[in-house]
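Reading the structure
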Amino acid sequence: MRIFDPHIHMTSRTTDDYERMAAAGVRAVVEPAFWLGQPRTGVGSFTDYFDSLIGWEPFRAGQFGVRHHATVALNPKEANDPRCRPVLDVLPRYLEKDGVVAVGEIGYDSMTPEEDDVFAAQLALAVAHDLPALVHTPHRDKARGVERSLAVVAESGVEPGRVVLDHLNEVTVELVRDTGCWLGFSIYPDTKMSPPRMVELLKAYGTERVLVNSAADWGRSDPLLTRATGEAMLLAGFTDDDLDRVLWRNPVEFYGQSGRLDLGDGDVPDATFAGNSILRGGS
Ligand SMILES: [Zn+2]
């Protein structure tokens, strides 16, 4: 089973996770820029974070044979903090970088007027930089959040096939399925979407334009839930080809629209990054 996790926050995960993921078949990931739990107070915290998403973290992933890409954006939650607004001015510089395969995570958290502005501005950046967009849908008031997100996407002029609406569930999938946008599902350990629920959705809606991710981060989450979903699909009678489509070819197709996916071919990565390795003891 080859797996591409299209949404996972590896900065918050350990080398044990990389080891287990690689053993489970995860060969590629996309790490979206997001909220770190602790509010940031200025643009410098973001640029250091973005730099690590396109520098140190791909290096770290490479040590385990995992290809790492990033999406870059001002996340919806911090869009509300005026101290973070200047992040919009530095984004164009990052959106030209090789390892950046989309604008994201953008969208709504609490659906404030500030979030409206920042969402629209970042969809315009996606158009200007010819990149796909990863849209986070809110965990509260989800249906209204998805409806409003779709309206903003339609207004932006971004082609729907270059947009994924993420964190969908049984209710919100209905709102997105006929829009031409991609359907993103995050599989969680004990709340919201689970592998068996995901299998039911795949039975009902098919495998086309579906992305399955673990969204693993600093909260309770599990980077192996992509694999668990693949196993649940097999038990439910899906073929190896169905699995490969959902867990590999679909994310390759979606993020491949950036023209920047680099899935390598067994090339050996450098052992150090800016003089640092992941070893301890003076190496
Ligand atoms: Zn996320």
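Look a little higher up for the structure.
All of the points below concern the structure found in this document. Because the structure is a prediction, the values reported are computed rather than measured. (Residues numbered from 1 in each chain as written. Predicted model: local features only at pLDDT ≥ 70, side-chain atom pairs only at ≥ 80, totals over all residues. Heavy atoms only, no water.)

Concerning unusual backbone geometry
Selection criterion: Numbered from the N terminus, helices here are DSSP runs of H or I no shorter than four residues, and strands are runs of E no shorter than two.
Residue Glu105 is reached from Gly104 by a cis peptide bond, and omega for that bond is -10°. With respect to the helices and strands, Glu105 occurs in strand S4 (residues 100-107). One non-glycine residue, Met111, adopts positive backbone phi at about 60°. Residue placement: Met111 occurs in the loop between S4 and helix H5 (113-128). One non-glycine residue, Arg209, adopts positive backbone phi at about 60°. Inspection of the secondary structure assignment puts Arg209 in the loop between helix H8 (195-205) and strand S8 (210-213).

Quick look at the sheet that holds strand S1 (residues 3-5)
Rules: Think of it this way: DSSP has to see at least two bridges between two strands before they count as a pair. All axes here are fitted lines through C-alpha atoms, helices being fitted over the stretch that makes contact, and every angle between N-to-C directions spans 0 to 180 degrees. In this analysis, two residues are considered to be in contact whenever any of their non-hydrogen atoms come within 4.5 Å of each other.
Across the sheet, 8 strands lie side by side as S1-S2-S3-S4-S5-S6-S7-S8; this open sheet has parallel pairing. Only two strands of the sheet have a single neighbouring strand rather than two, namely S1 and S8. Mean inter-strand twist for the sheet, computed between neighbouring axes without regard to direction, equals 25°. Relative to strand S6 (residues 163-166), strand S5 (residues 133-136) runs parallel, the two being bridged by 4 bridges. When the sheet's bridge partners are listed, Leu134 is paired in S6 with Val164. Helix-sheet contacts for helix H1 (residues 15-24) involve S1, strand S2 (26-32) and strand S3 (67-72), and the interaxial angle to S2 is about 130°. Across the face of the sheet, helix H2 (residues 43-54) comes into contact with S2, S3 and S4 while running at roughly 150° to S3.

Concerning helix H4 (residues 87-94)
For clarity, the cut-off: Relative accessibility thresholds used throughout: buried, under 20% of the residue-type maximum; exposed, over 50%; partly exposed, between the two (1.4 Å probe, protein chains only). Our arc is simply the arc of the directions from the helix axis toward the C-beta atoms.
All of the buried residues along H4 are Val87, Leu88, Val90, Leu91 and Tyr94. Taken around the axis of H4, the buried residues stretch over an arc of 160°, which confines them to a single face.

Observations regarding the pairing of S8
Here is the key point about a regular strand: its side chains alternate between the two faces of the sheet. Note the following rule: Handedness of a crossover is defined as follows: orient the strands so they point away from the viewer, and if the path from the first strand over the helix to the second runs clockwise, the crossover is right-handed.
Side chains Val210 and Val212 project from S8 onto one buried face, and the interleaved Leu211 and Asn213 project onto a second face that is buried too. As paired strands, strand S7 (residues 182-186) and S8 are joined by 4 bridges and run parallel to one another. Within S8, the position partnered with Leu183 by the bridge is Val210. In terms of handedness, the path from S7 via H8 over to S8 forms a crossover that is right-handed.

What to know about the pairing of S3
With 5 of its 6 residues buried, S3 lies for the most part within the structure. Across 5 bridges, S2 lies against S3 in parallel orientation. Paired with Glu31 across the two strands is Ala70, which belongs to S3. One ladder, built from 3 bridges, connects S3 with S4; its direction is parallel.

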